[in-house]
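Chains, contacts and geometry: an overview
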Amino acid sequence: MKNGFILAVDQGTTSTRSIVFSSDFSAKGIDQQEFPQQFPRSGWVEHNPEDLWRTTVETARGAIANAGLTAAEIAALGITNQRETTVVWDRRTGKAIHNAIVWQDRRTAEACDRLRREGAAELISTRSGLLIDAYFSASKIAWILDNVAGARAAADAGHLAFGTVDSWLVYRLTGGRKHVTDITNACRTMLCDIATGQWDEDLLQCFNIPRSLLPEILDNVDTFGVTERSILGAEIPIRGVAGDQHASLIGQACFEPGMMKATYGTGCFALLNTGTERITSKNRLLTTIGYKIGPEITYALEGSIFVAGAAIQWLRDGLGIISDAGQSADLAAKADAQQQIYLVPAFTGLGAPWWDPSARASLFGMTRNSGPAELARAALDSICLQTYDLMHAMKGDWPEASLSLLRVDGGVSKNDWAMQRLANIVGVGVQRAQSAESTALGAAWLAGYGAGCWPEPSRFAAEWVAGESFSPSTDTEWNRALVKGWEAAVRATIQFAAHA
Ligand code: ADP
């Protein structure tokens, strides 16, 4: 009898991580591998799909071995992955016909502009919940079909298959038997009608993508197939799949409407569970499928910030004022309370809710007394203030939401000083996950629940263990003044970009 060991694969943008979890949700064995990033031209980002596959198999084997187990003792496999990244392969050979085009890749920006000019924005945002952008999979698929010799003809003949990374990995793990994806990955392709959770003919036509390319869409807890025995040493049922941000929403047990999580890595992704209500944003947030576990779709509002932890990397690698990210806390704590410097970290443009790709980073309010401590505080503040903007936009879109707690994970969330500051600035309690691996835990929970050996959502939420919590300060006057200064700084940054 299997005793609830679940293998989770977290296939990310820079590395692949596999973790074996016990039924008490603790990590028992872990393995991780980085793989090469390819930048063939300015603005282009690719991964070799064979690297994604190889690191998945090797780390899965490694995690099982490090847990002191054999594959036969694993009850189920869950997969979570970098979203939007696009693979097209030939069903006849099982080989990709081009490198994976990564979510960050901007090569299709012009094609997206053209669609916008042709008036497709309304249809696309109503059906898919997304704003036209090169970020999503649809324009990347079209690019592969139009730029790889013979691809269009092969697609028309039904030989080609498209998948986001989950779909590609499941295809390989099942020995080519299953061409499937899950509803959260599907909804980030820009080809899915989020009302029904199915592919949409009008969107397919918009991007000129044949229906025959697409995988079958399954729920997050579903039967995704069984791994071939030769790959991991036993047949393991794949019972749960979700895109990374959705998996961390689940791994943070945000199952109730109004619950919100923010993951702070290089950038930050915040998702607010809006329940069965599909909220159309008036503030340029995305409407997305949070997850589907059971008969109904749960929706979420999503906001992303391009630079969060990357601002701390800039302090370390660009300015050299810290030697590791953790030092930013001690340095910021020494900053002079009398001088408030603002860093608007638009190094690569501004994300939600501003969406200004031409904006560039700016510093405001420096005096002769400003130094490394004030800069460190400004960098950490910028992460908190951008989160404030997202929450403000979410409240505007969904005034009924109480938004009384923010659950956090990711690298920056380890920083106590920043998390206290975050609570003060957003004005609600901030709760850090005890498990540093919320994303993988979410995938593990989906698979464990699917396999019948992990608890249902309400019990998982009750047994979920929080780490440290941070309560907001009561000094709302201070908060108001800080936010006012920030808003002026963002306005000036956007104005400057328009002038330049
Ligand atoms: P990713 O998956 O995007 O690489 P991680 O969750 O691993 O992100 O977090 C890495 C990011 O977190 C880096 O940008 C780093 O600067 C930042 N970071 C890590 N530790 C801290 C810390 N103690 N304080 C502030 N930022 C931190």
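Residues numbered from 1 in each chain as written. Predicted model: local features only at pLDDT ≥ 70, side-chain atom pairs only at ≥ 80, totals over all residues. Heavy atoms only, no water.

1. Focus on the sheet that holds strand β1 (residues 6–11)
Short version of the rule: When DSSP locates at least two bridges between a pair of strands, those strands are taken to pair. Helix and strand labels come from DSSP, where a helix needs a run of H or I of at least four residues and a strand needs a run of E of at least two; each type is numbered from the N terminus. The angle between two axes is taken between their N-to-C directions and runs from 0 to 180 degrees, where each axis is a line fitted to C-alpha atoms and a helix contributes only its stretch in contact.
Spatial strand order, β3-β2-β1-β5-β14: five strands in an open sheet with mixed pairing. Where the open sheet ends on each side, the last strands, each with one partner, are β3 (27–34) and β14 (238–243). Geometrically, the sheet is characterised by an average inter-axis angle of 15° between neighbouring strands, direction not taken into account. Two strands pair when backbone bridges link them, and strand β5 (residues 76–81) and β14 are joined in this way by five bridges, in the parallel orientation. Bridged to Thr 80 within β14 is Ala 242.

2. Some words on the domain arrangement of the protein
Applicable threshold: Domain extents, as shown, originate in an automatic or database domain assignment. The criterion used for residue contact is that any of the two residues' heavy atoms lie within 4.5 Å. Summed over both partners, the accessible surface that disappears when two parts come together, traced with a 1.4 Å probe, is what is meant by buried area. Put simply, a salt bridge is a Lys or Arg side-chain nitrogen that is within 4 Å of an Asp or Glu carboxyl oxygen. For the purposes of these results, a polar contact is taken to be a pair of N or O atoms within 3.5 Å, where, inside protein, one atom must be able to donate a hydrogen and its partner to accept one; residues adjacent in sequence count only when each atom of the pair is a side-chain atom. Residues are grouped as follows: nonpolar covers Ala, Val, Leu, Ile, Met, Phe, Trp, Tyr, Cys and Pro; charged covers Asp, Glu, Lys and Arg; every other residue, Gly included, is treated as polar.
Taken as a whole, the protein is organised into domain 1 (2–244) and domain 2 (252–500). Distance between the C-alpha centres of domain 1 and domain 2: 26 Å. Across the boundary between the two partners, domain 1 contributes 41 residues, which contact 33 residues of domain 2. Summing both sides of the interface, domain 1 and domain 2 together bury roughly 2900 Å²; the carbon and sulfur share of this comes to 69%. Counting the contacts that link domain 1 with domain 2 gives four salt bridges. The partner of Glu 302 in a salt bridge is Arg 83, with the nearest N and O atoms 2.8 Å apart. Counting the contacts that link domain 1 with domain 2 gives nine residue pairs in polar contact (both at pLDDT 80 or more). When contributions to the side of domain 1 that touches domain 2 are tallied by element, the ones reaching two or more residues are β1, β2 (15–21), β5, α3 (121–128), α7 (183–186) and β14. Sorting elements by how many residues they give to the side of domain 1 that touches domain 2 places β5 first, with five residues. Class assignment for the residues of the side of domain 1 that touches domain 2 results in 21 nonpolar, 13 polar and seven charged.

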